[in-house]
Amino acid sequence: MNDFLAGVIRWIVRLAVVAVGAVFFLCLLVAVALLAAVWGVRSVWARITGQPVTPWAMRMDPRSGWSTVYRSTARWSAAASQGQPAEHGIRRSAELPGARGEVVDVQPRDLPGKV
């Protein structure tokens, strides 16, 4: 009886996983179909009105992202070297908080039980 119930539960789990996969696939299929329909309607409308059909493109230059980060870092470094707080209340400095006090070295000692 245990083998029968284990087999039934195994098949139920398999069917559930296949059903979830099918639903996910169908959702992706519908999303792509809607996107294609919107793109087609937009293209047809542009041709009807005589406007050029412009593609959907992500206009991003990788160098602009690098220069943004580089400028931000340079601005923080300049503010820290002048002792001024940087933007958004962030202050960067070369020393740790509380490091201006007296530095005490650690005194070495023998471990108990070791010879």
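This one's a predicted model, so the numbers in the text were calculated from it and none came from an experiment. (Residues numbered from 1 in each chain as written. Predicted model: local features only at pLDDT ≥ 70, side-chain atom pairs only at ≥ 80, totals over all residues. Heavy atoms only, no water.)

1. Some remarks on the overall build of the protein chain
Then, in step 1: Scanning the protein chain for helices and strands turns up two helices and zero strands.
Then, in step 2: Evaluated residue by residue, the protein chain yields a buried proportion of 4% over its 115 residues.
Then, in step 3: For the protein chain, the accessible surface area stands at approximately 11,100 Å², while carbon and sulfur atoms represent 67% of it. (Helix = DSSP H or I, 4+ residues; strand = E, 2+ residues; numbered from the N terminus. Buried < 20%, exposed > 50% of the residue type's maximum accessible area, 1.4 Å probe, protein only. Areas by Shrake-Rupley, 256 points an atom, 1.4 Å probe, with all protein chains shown as cover.)

2. So, helix α1 (residues 2-49)
Then, in step 1: The end-to-end C-alpha distance of α1 is 70 Å, a good match for the 70 Å that 48 residues give at a rise of 1.5 Å each.
Then, in step 2: Those residues of α1 not exposed but buried are G7, S43 and A46.
Then, in step 3: Directly beyond the C-terminal end of α1, a positive phi value near 85° is found at G50. (Expected span 1.5 Å × (residues − 1).)

3. Structural notes on the packing of aromatic side chains
Here a ring pair, both rings aromatic, is described through the centre-centre distance and the interplanar angle of the planes.
Then, in step 1: This model, assessed by the stated rule, comprises zero aromatic pairs.
Then, in step 2: Sitting above the plane of the W11 ring, R14 keeps its charged end 5.1 Å from the centroid. (Phe/Tyr/Trp six-rings, centres within 6.5 Å; stacked < 30°, edge-to-face > 60°. Lys NZ or Arg CZ within 6 Å of the ring centre and 35° of its normal.)

4. Considering a nonpolar patch on the surface
Then, in step 1: Judged by side-chain polarity, M1, F4, L5, V8, I9, I12, V13 and V17 come together as a nonpolar surface patch covering roughly 830 Å² of accessible area.
Then, in step 2: Of note, I9 is situated in helix α1. (Patch = residues over 30% accessible without salt bridge, like charges linked within 9 Å, V, L, I, M, F, W, Y side chains within 5 Å. Salt bridge = Lys/Arg side-chain N within 4 Å of Asp/Glu carboxyl O.)

Function-wise, these values are silent; they only describe arrangement.
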